[in-house]
Amino acid sequence: MSHLYFGGADVVELAEEYGTPLYITDENRIIENFRSYKTAFEDYDTDIYYAVKANGNLAILKLLAREGAGADVFSTGELQLTKLAGIEREKILFNGNSKSDDDLIAAVESGVRVSVDSYDELNALASVSEQLGAEVEIAIRVNPDISADINPKIATGLKESKFGVPYGEVMKICRAAHSMRNISLRGLHCHIGSQILDVRVFGDAADKMLNLVASLHEAGIELEFVDLGGGLGIGYRPEEKAPTPAELHDALLPAFERNKAEAGIAPKLILEPGRSIVGSASILVSRVNAVKHAFKNFVAIDAGFNLLIRPVMYDAYHEVVVANRYNEPCTELYTIVGPICEAGDIIARDRLLPEVKRGDLIAILDTGAYGFSMSSQYNGRPRCAEVLVRDGHADLIRERESFEDLLRNQKVPARLR
Ligand code: LLP
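I will try to describe carefully the structure that is included in this document. These numbers come from a predicted model, not from an experiment.

One pass over the full model with this rule turns up 24 salt bridges. Between glutamate 137 and arginine 186 there is a salt bridge whose closest N-O contact spans 3.3 Å. Here the residue glutamate 137 occupies a position in strand β8 (residues 136-143), and arginine 186 occupies one in strand β10 (residues 183-189), the gap between them amounting to 49 residues. Look at glutamate 137 and you get partly exposed, because its relative accessible area is 26%. A salt bridge links aspartate 198 to arginine 200, with the nearest nitrogen and oxygen atoms 2.6 Å apart. What makes aspartate 198 partly exposed here is its relative accessible area of 37%. One salt-bridge network, in which partners are shared between bridges, spans Arg113, Glu137, Arg186 and Glu224.

Here it is as structure tokens:
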């Protein structure tokens, strides 16, 4: 029986040693993915801000900090994680469409930039920074009104989306921000969506954003940077060809060159990739608890949407393989289901696999982005462990939760004791 190897390690041995379910992340893959951005954009002044929401494990953040990554953070929690990981504050952008006073205070006190999503937020930020006696650098989050061919739940640049200031109102809010005392307007920010496979829409977004930069320049407002967000897709299906950072570069750069030639301005480019850095770098390994020949051939595993919600939430496809029968001929059609008490807890439908037995190991591929980071304890299930492998050697980077973790923070009123 042949075994699946990942990051140079035998997946079956890791499952024995650390138990299942188990997220396994390949360190070298993350580094390669990150460096491919650096290389692709080395001919233009570009910073790569990793989108922490994709995978906020501290070891992974440390790894990326060491590679020179900045960070897109969407909450005070993510901000604290990135600071702990040692990411320089000058390279952190605090994003979000619903920031509390406490979030704004944390951002100003940490000295990071804020991407402002509305007038309301702009005014609140101005008063917070005045109270703290500090100046805060901001970007305006633009709603670019761009439609990418992706799942509507992750399309964020549509005009009906909750994110950003409507395109037609950006000049006005920039003028307002420009005149505020404790606010220093430095850039424009957008994010058109996620898992985008056709890079041309990124070129459209760059055009629209740079048109705004040029109009602001004419109005006497100079900007330092344009942040085009993340969104580059990965190849989840065997036949799906993922666009490369080099292709993204070629889609974006014409707009920057045109802007430089016509308006004489060349703002720094910031990108916020999440999925394309970590997505392909992890697998989720799960043990088969039962094989049932019913309406379909069901394979019931010990990981469900508590640990990987993407198939349920977005009808997302993840390739699955039998880790302890890797390379055996695929002869049976199976539907892989999780242990959660919901009929929708389906990880993969109608997949051709070798004959599966109780005790086998199913590896779900490309689960490094929005996998563990969207996990829950639903159905009284402590979250699983995570290991980081490098050249065949594994380190635990998150301990398996226990029953204690299910109880943590719960209180029983005296009258019920
Ligand atoms: N920047 C901003 C402002 C974002 O909202 C996002 C993702 C990113 C960057 C990173 O995008 P990426 O390069 O990872 O596509 N949970 C969904 C994806 C949600 C994406 C949310 N925003 C999924 O599992 O497909």
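The next point concerns the side chain of threonine 46. Position of threonine 46 among the secondary structure elements: in strand β4 (residues 46-51). Of the residues examined, threonine 46 reaches a relative accessible area of 12% and is grouped as buried. Those residues in contact with threonine 46, other than ones at most four positions away along the chain, are Phe41, Leu269 and Leu271.

Turning our eyes to something else, we now look at the layout of surface pockets. Put simply, the largest pocket is a space of about 490 Å³. Lining the largest pocket we find 27 residues, and of these Lys53, Thr156, His191, Ser194 and Tyr370 sit closest to its centre. Its residues placed into classes, the lining of the largest pocket shows 10 nonpolar, nine polar and eight charged. Forming the walls of the second largest pocket are 19 residues, and the residues nearest its centre are Ile150, Asn151, Gln195, Leu197 and Glu240. Every element with two or more residues in the lining of the second largest pocket is listed here: α8 (200-218) and α11 (310-314). For the lining of the second largest pocket, the per-class residue count stands at 10 nonpolar, two polar and seven charged.

All right, on to the site of the ligand then. The environment of the ligand is formed by 18 residues, the closest being Ser194, Glu272, Arg310, Tyr314 and Tyr370. One nitrogen or oxygen atom from the side chain of aspartate 72 is found 3.1 Å from a nitrogen atom belonging to the ligand. For the ligand, an oxygen atom lies 2.8 Å from a polar atom in the side chain of arginine 275. Among the detected pockets, the ligand sits in the largest pocket. Partitioning the shell around the ligand into residue classes produces six nonpolar, six polar and six charged.

A word on the pairing of β4. Here β4 lies mainly inside the structure; six of its six residues are buried. Side-chain alternation along β4 places Thr46, Ile48 and Tyr50 on one buried face and Asp47, Tyr49 and Ala51 on a second face that is also buried. One ladder, built from three bridges, connects β4 with strand β12 (residues 268-271); its direction is parallel. Considered in β12, the bridge of isoleucine 48 is made with leucine 271. Bridge analysis of β4 against strand β5 (residues 70-73) gives three bridges, and the strand direction is parallel. Within the sheet, the bridge partner assigned to tyrosine 50 lies in β5 and is alanine 71. Following the chain from β4 across helix α3 (residues 58-66) to the adjacent parallel β5, one finds a crossover that is right-handed.

A word on empty space enclosed by the protein. The probe, sized like a water molecule, is rolled over the atoms to show the empty space still left. In the structure shown here, the tally under the stated rule is one cavity of 30 Å³ or more. When its volume is computed, the largest cavity comes out at roughly 40 Å³. As for the largest cavity, its lining consists of Tyr37, Phe202, Gly229, Gly230, Gly231, Leu232, Leu248, Leu271, Glu272 and Pro273. Partitioning the lining of the largest cavity into residue classes produces six nonpolar, three polar and one charged.

This next bit is on helix α2 (residues 27-40). In this model α2 runs 20 Å from its N-terminal to its C-terminal C-alpha over 14 residues, within 8% of the 20 Å that 1.5 Å per residue would give. Those residues of α2 that sit buried are Glu27, Ile30, Ile31, Asn33, Phe34, Tyr37 and Ala40. Put simply, aspartate 26 is the residue that caps the front of α2, since its side-chain oxygen is 3.1 Å from the backbone nitrogen of asparagine 28.

A few words now on helix α4 (residues 76-85). By the burial criterion, the buried members of α4 are Thr76, Glu78, Leu79, Thr82 and Ala85. On its buried face, α4 sits against α3, β5, β6 (92-94) and α5 (101-110).

With that settled, consider the pairing of strand β16 (residues 332-337). Relative to β16, strand β14 (residues 297-301) runs parallel, the two sharing three bridges. Within β16, the position partnered with alanine 300 by the bridge is valine 337. Inspection of the sheet shows β16 paired to strand β17 (residues 346-353) by five bridges, in the antiparallel sense. If you follow leucine 333 over to β17, its bridge partner there is leucine 352.

What counts, and at which threshold
- Residues numbered from 1 in each chain as written.
- Predicted model: local features only at pLDDT ≥ 70, side-chain atom pairs only at ≥ 80, totals over all residues.
- Heavy atoms only, no water.
- Salt bridge = Lys/Arg side-chain N within 4 Å of Asp/Glu carboxyl O.
- Helix = DSSP H or I, 4+ residues; strand = E, 2+ residues; numbered from the N terminus.
- Buried < 20%, exposed > 50% of the residue type's maximum accessible area, 1.4 Å probe, protein only.
- Contact = heavy atoms within 4.5 Å.
- 1 Å grid on protein atoms, 1.4 Å probe; cavity = no way out; pocket = protein on both sides within 12 Å on 5 of 7 lines; lining within 4 Å.
- Points joined across faces, edges and corners; volume = space filled by probe spheres on them.
- Nonpolar A, V, L, I, M, F, W, Y, C, P; charged D, E, K, R; others polar.
- Near = heavy atom within 4 Å.
- Polar contact = N/O pair within 3.5 Å; in protein donor to acceptor, adjacent residues only side chain to side chain.
- Sits in = over half its atoms within 2 Å of the grid points.
- Pairing = 2+ DSSP bridges.
- Right-handed = clockwise from strand over helix to strand, strands pointing away.
- Expected span 1.5 Å × (residues − 1).

Remember, this is a structural readout, not a statement about activity or role.
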